[in-house]
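Observations on chain architecture
Residue-level listing of the chains:
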Amino acid sequence: MNTYKFANHTGINFTKELKESVNQYFASKKISKSGDYRMLIKSAVMLSLFLIPLIVLSTGVVSNVALLFGLYLISGLGMAGIGMSVMHDALHGSFSSKKSVNKIMGWSINLIGADPTVWKIQHNVLHHTYTNIDEADDDLHIPGILRFSPDQNRYWIHRFQFVYAWILYGLMTLIWVTTRDFTRLGRYMEFGFIKSKGEYNRLLVSAAFWKLFYFSYALVLPLIMLPMAWWVIVVAFLSMHFVTGIILSVIFQMGHIMPTSEFPQPDENGLIGQNWSIHQLATTCNFAPSNRILSWYVGGLNYQIEHHLMPHVCHVHYRDISKIVRATAEKYGIPYHTQTTLFEALRSHTDMLYQLGRA
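Okay, so let's go over this structure. Just so you know, these numbers come straight off a predicted model, no measurement behind them. (Residues numbered from 1 in each chain as written. Predicted model: local features only at pLDDT ≥ 70, side-chain atom pairs only at ≥ 80, totals over all residues. Heavy atoms only, no water.)

1. Some thoughts on the side chain of Gln-280
For Gln-280, the position within the fold is in helix 12 (residues 276-283). Taking the relative accessible area as the measure of exposure, Gln-280 reaches 1% and is therefore buried. A distance of 3.1 Å separates the side chain of Gln-280 from the side chain of Thr-131, its partner in a polar contact. Setting aside residues up to four positions removed in sequence, Gln-280 forms contacts with His-128, Thr-129, Thr-131, His-308 and Leu-309. (Helix = DSSP H or I, 4+ residues; strand = E, 2+ residues; numbered from the N terminus. Buried < 20%, exposed > 50% of the residue type's maximum accessible area, 1.4 Å probe, protein only. Polar contact = N/O pair within 3.5 Å; in protein donor to acceptor, adjacent residues only side chain to side chain. Contact = heavy atoms within 4.5 Å.)

2. Observations regarding the packing of aromatic side chains
By the definition in use, this model includes 19 aromatic pairs. Judged by centre distance (5.8 Å) and plane angle (80 degrees), the rings of Tyr-4 and Tyr-130 are edge-to-face. Separated by 126 residues along the polypeptide, Tyr-4 in the segment before strand 1 (5-6) and Tyr-130 in the loop between helix 7 (116-129) and helix 8 (161-170) bring together distant segments of the chain. Centre to centre, the rings of Trp-156 and Phe-160 are 6.5 Å apart; their planes meet at 75 degrees, and the pair counts as edge-to-face. (Phe/Tyr/Trp six-rings, centres within 6.5 Å; stacked < 30°, edge-to-face > 60°.)

3. What about a nonpolar patch on the surface?
Together, Tyr-37, Ile-41, Val-45, Leu-49, Ile-74 and Trp-296 make up an exposed nonpolar region whose accessible area comes to about 540 Å². No other element matches helix 2 (residues 37-59), which puts four residues into the nonpolar patch. You can see Leu-49 is positioned in helix 2. (Patch = residues over 30% accessible without salt bridge, like charges linked within 9 Å, V, L, I, M, F, W, Y side chains within 5 Å. Areas by Shrake-Rupley, 256 points an atom, 1.4 Å probe, with all protein chains shown as cover. Salt bridge = Lys/Arg side-chain N within 4 Å of Asp/Glu carboxyl O.)

4. Some details on the packing of helix 8 against helix 16 (residues 342-358)
Viewed as axis vectors pointing N to C, helix 8 and helix 16 meet at an angle of 115 degrees, and their least axial separation amounts to 9 Å. Contacts between helix 8 and helix 16 pair Gln-161, Phe-162, Ala-165, Trp-166 and Tyr-169 from the former with Leu-346, His-349, Thr-350, Leu-353, Tyr-354, Leu-356, Gly-357 and Arg-358 from the latter. For the contact of helix 8 with helix 16, the residue count by class is eight nonpolar, four polar and one charged. (Axes fitted to C-alpha atoms, helices over the stretch in contact; angles between N-to-C directions. Nonpolar A, V, L, I, M, F, W, Y, C, P; charged D, E, K, R; others polar.)

5. What to know about the pattern of salt bridges
Under the definition given, this model contains six salt bridges. We note a salt bridge from Lys-331 to Glu-17, for which the minimum N-O separation is 2.9 Å. Residue Lys-331 is located in helix 15 (residues 318-331), and its partner Glu-17 is located in helix 1 (residues 12-29); the two are separated by 314 residues in the primary sequence. What makes Lys-331 exposed here is its relative accessible area of 57%. With a shortest N-O distance of 3.5 Å, Glu-330 and Arg-326 are connected by a salt bridge. With a gap of four residues between them, Glu-330 and Arg-326 both fall in helix 15, about one helical turn apart.

Next up, the structure:
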């Protein structure tokens, strides 16, 4: 990956004009590219959705199974909301213009049992830089069981991935809060992102601590306090993670694993035949741009193109600047991929899983 280079001369005029147009928009509006009061309100809502049901469960006052499942499922919606709308912007540095605020809000990822350093390497560095490039974009790294790129090996089981992928999506956050951070720490140590054994050990201890903390209040306390069979509580807890996993996986995958998406590969010299901005447009897709409720909940990630071109811009601005991005892309004859509705995007993603399982 250290040898991969983008052909920066290709598309340089598009990149320059887009940057100037977006900067002019913010200057004319006299607003910051970072978040505003809307991020504070959203953070309060998402953190409340996640924490309040768990607090109620930890008091031991719940004795109804339906209420047990309902509270865990509400908490799952909040967990997904934190992942998409709070910690995502904070760890990109776009939640606030103040680094201290971004750091504090970024700790919300610790609250849900994950490690911020691992996430930043996997998402900010590998995924955002090398989008849809096999063996570089770590979002594509699901060894064996799922085939997200035509450059990956295809096995007989992939013929059915358009069916079983949804089950695996539901397991995503459960894997995340148990084993994934540990396995990726090892990978990133090999890649050179973690510079020393001491840093690796520190991150390992930190990840283990936050996972134990998360399981203590999200599962162990309810197991101790609630007057119900342990297995019922565990199943309710797992249902929370299944809902969260489905939401997060689908929202992120629909931005890139689509029939319109390209999967470029570097040549023998490591050169990718277009500049980084053009690469993002070629590998990314928006969906349901007119659905304001969905856009609010998913942290503007239905404007995946704008997010990938400008990850330093808070998602509350994506709807407005998407008009600038689209107009500039059309001016230069660059495809701007979008799916009109959520259902259309789900169907297209399913079609892509089907194609990758057979082609």
